[in-house]
Amino acid sequence: VGAYLIAATIAAPVFGRLGDAFGRRHMLLVGFAMQGVGMLAAGLAPSFEALLAARLLQGFGGGALLTLAMALIGESLPPRERGRYQAYLVACFMSASATGPLAGGWLTQAFGWPAVFLAGLPLVILGAVAAYTLPRRPISGAGFRFDLPGTLLFAVFVLTLVLMLDRIQALRWDAAVWAAVCGVVALGALLALGLVERRMPDPLLPLPLLAHPAIWRLSILSACVQGVLVALISFLPLYLYAVRDVPLATVGVLLLPMSVGGGVGALISGQFMARTGRNMLLPSIGLTASAVLLSGLAFVGQSIPLAWLPWVLGVVSFCFGTSFPVVQTTVQVAAGPGQLGVATASVQFMRNLGSAAGTAILGTVIFGTFALADAVLAERFATVLRGGREALAALPVPERAAMAAGLSDGYRAMFAGAAAIMALAAVMAWRVPLRRV
């Protein structure tokens, strides 16, 4: 998973830039080829190392496809219409997020884990055929020089930053030392990247574009929303199972309103922008409301009836969804037609970065709060958790109740942290200067 995330994050600006220079149709075909070969290699991998390499290749293809698809919408449609189609993409993504784990579980149980990768190959072929039928556009890449030094520095920055965020979650002194080392290397790579990009004729990351008032605010907004969303998806199953005592088979059902809510919010927001041209009104209101709701969960989450909790989470997800289509459209309008790809990639990069950072920060908040209250019990819980749900279910009732109480405090802190992050996202939404498209 980490390999895929790192590769997809690096691929976003690379293929955004190449798409601007050589046409998105050609780069889409390259992306599908990388995705397909990566899937096939993962499904046939004879060792863990081979699987890791295949996932890196698949991640490069996946990062390319997501960035290029959204840039292609910006290239093909007027600004108001883009929001509607961006919302369709979001609805597809949310639906896949809800059904993918179910399909993956069934495929693994019925045919073994390689089937999870091999079953995607027909979809890759279908997508490649669709990309091949796209209209051919003139290629404007004459004289383009690929920014290899910037790409290498960017890759070092992403790799060390993700490793730092991963080590932070371990809550051990040796892990903290490694996190500090990775953080220093990441900071050095970022500073060097800034110096290099100022001198390159075709920089991977055009700094004046990224400093645009609308683009940097929307980039922070995207990172905040994606970070909280991925953290909630990652940690809520444990909360429902270990704290609220929900049977494991029922956890997915209780999270279904959250999966649907984001897609519905995106569709409504995209339609509203297409009809009125007002791009930031619904996200400004929605993200403010999500911060208020998450604050409520921090204070009274334990007393909310279990039957109500999925619908509260569904409304939170709906509020998140109002930002999804308008962010891409607004960034593309601010960047102009000549830099659609790199502008789209900047948002995708910040979403990937937000996913890693949000999960690391809020995960540390949960288990750090637990450890501060009772370090011995927290360590015992971590040991049991590595044994899987069977080990957790086999605990004596008093010990499990004590762990649930410690986790409950941790999750209250997590909801408070998520509310603070969403408050920052709401401030960014209200302060975006471009409010009509």
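Treat the numbers as computed from the prediction; the structure is a model and nothing was measured.

Structural notes on the overall build of the protein
And then number 1: Within the protein, the secondary structure is distributed over 19 helices and zero strands.
And then number 2: In summary, the protein has a C-alpha radius of gyration of 22 Å against a globular reference of 22 Å for 437 residues, a match within 12%.
And then number 3: Its C-alpha atoms put the protein at 70 × 55 × 45 Å along the principal axes.
And then number 4: For the protein, the residues scored as buried account for 51% of the 437 residues in total.

Let's talk about the side chain of glutamine 332
And then number 1: By the secondary structure assignment, glutamine 332 is in helix H15 (residues 324–335).
And then number 2: The buried category is assigned to glutamine 332, whose relative accessible area is 1%.
And then number 3: A distance of 3.0 Å separates a polar atom in the side chain of glutamine 332 from a polar atom in the side chain of threonine 344.
And then number 4: What glutamine 332 contacts, discounting residues up to four positions off in sequence, is Met70, Ala71, Gly74, Arg82, Gln86, Leu340 and Thr344.

A short note on the packing of helix H12 (residues 256–276) against H15
And then number 1: Where H12 contacts H15, the two axes come as close as 7 Å, and the packing angle between them is 45 degrees. The orientation of H12 with respect to H15, classified from their angle, is oblique. Taking contact as the criterion, the partners of Gly262, Ala266, Ser269, Gly270 and Met273 in H12 are, on H15, Phe324, Pro325, Val326 and Thr329.
And then number 2: In terms of residue class, the contact of H12 with H15 is made up of five nonpolar, four polar and no charged.

Overview of the packing of aromatic side chains
And then number 1: Evaluation of the coordinates by the stated rule reveals seven aromatic pairs.
And then number 2: Look at tyrosine 239 and tyrosine 411: their rings are 4.9 Å apart centre to centre, the planes differ by 50 degrees, and that puts the pair in the tilted class. Here tyrosine 239, found in helix H10 (residues 213–243), pairs with tyrosine 411, found in helix H19 (residues 397–431); they are 172 residues apart in sequence, far enough to count as distant.
And then number 3: Of the aromatic side chains, those joined through ring pairs into one cluster are Tyr239, Tyr411 and Phe415.

Considering the environment of glycine 368
And then number 1: Its location among the elements puts glycine 368 in helix H16 (residues 340–373).
And then number 2: Sequence separation between glycine 368 and leucine 153 is 215 residues; the distance between their C-alpha atoms is 32 Å.

Brief notes about the pattern of salt bridges
And then number 1: Per the counting criterion, the structure on display carries six salt bridges.
And then number 2: Measuring nitrogen to oxygen at the nearest pair gives 3.3 Å for the salt bridge that ties arginine 167 to aspartate 166.
And then number 3: Assessed through its relative accessible area of 30%, arginine 167 is described here as partly exposed.
And then number 4: In this structure aspartate 166 comes out as partly exposed when scored by relative accessible area, which is 38%.
And then number 5: Among the charged side chains, a salt-bridge network with shared partners connects Asp20, Arg24 and Glu75.

Digging into a nonpolar patch on the surface
And then number 1: Together, Val156, Val177, Trp178, Val181 and Val185 line one region of the surface with nonpolar side chains, adding up to about 460 Å² of accessible area.
And then number 2: By residue number, the principal contributor to the nonpolar patch is helix H8 (residues 173–199), which donates four residues.
And then number 3: Along the chain, valine 181 turns up in helix H8.
And then number 4: Take valine 181: its relative accessible area is 42%, and that puts it in the partly exposed class.

Describing H16
Every α-helix winds through 3.6 residues per turn, so residues three or four apart in the chain are directed the same way.
And then number 1: With 34 residues, H16 extends 49 Å between its outermost C-alpha atoms, agreeing within 8% with the 50 Å of an ideal straight helix rising 1.5 Å per residue.
And then number 2: Taking burial as the measure, the 34 residues of H16 include 27 buried ones, the bulk of the element.

Thoughts on the nonpolar core
And then number 1: Of all hydrophobic cores here, the largest spans 71 residues; its most connected members are Leu221, Leu294, Phe320 and Tyr411.
And then number 2: Here the element with the most residues in this core is H10; it accounts for 18 residues.
And then number 3: When near neighbours in sequence (up to four residues on either side) are disregarded, tyrosine 411 contacts Phe235, Leu238, Tyr239, Val243 and Ile366.
And then number 4: By size, the runner-up hydrophobic cluster in this structure holds 41 residues, among which are Leu65, Leu161, Met164 and Ala356.

Criteria and cut-off values
Residues numbered from 1 in each chain as written. Predicted model: local features only at pLDDT ≥ 70, side-chain atom pairs only at ≥ 80, totals over all residues. Heavy atoms only, no water. Helix = DSSP H or I, 4+ residues; strand = E, 2+ residues; numbered from the N terminus. Rg over C-alpha atoms; globule rule 2.2 N^0.38 Å. Buried < 20%, exposed > 50% of the residue type's maximum accessible area, 1.4 Å probe, protein only. Polar contact = N/O pair within 3.5 Å; in protein donor to acceptor, adjacent residues only side chain to side chain. Contact = heavy atoms within 4.5 Å. Axes fitted to C-alpha atoms, helices over the stretch in contact; angles between N-to-C directions. Parallel < 35°, antiparallel > 145°, perpendicular 65-115°, else oblique. Nonpolar A, V, L, I, M, F, W, Y, C, P; charged D, E, K, R; others polar. Phe/Tyr/Trp six-rings, centres within 6.5 Å; stacked < 30°, edge-to-face > 60°. Salt bridge = Lys/Arg side-chain N within 4 Å of Asp/Glu carboxyl O. Patch = residues over 30% accessible without salt bridge, like charges linked within 9 Å, V, L, I, M, F, W, Y side chains within 5 Å. Areas by Shrake-Rupley, 256 points an atom, 1.4 Å probe, with all protein chains shown as cover. Expected span 1.5 Å × (residues − 1). Core = buried A, V, L, I, M, F, W, Y, C linked by side-chain atoms within 4.5 Å.

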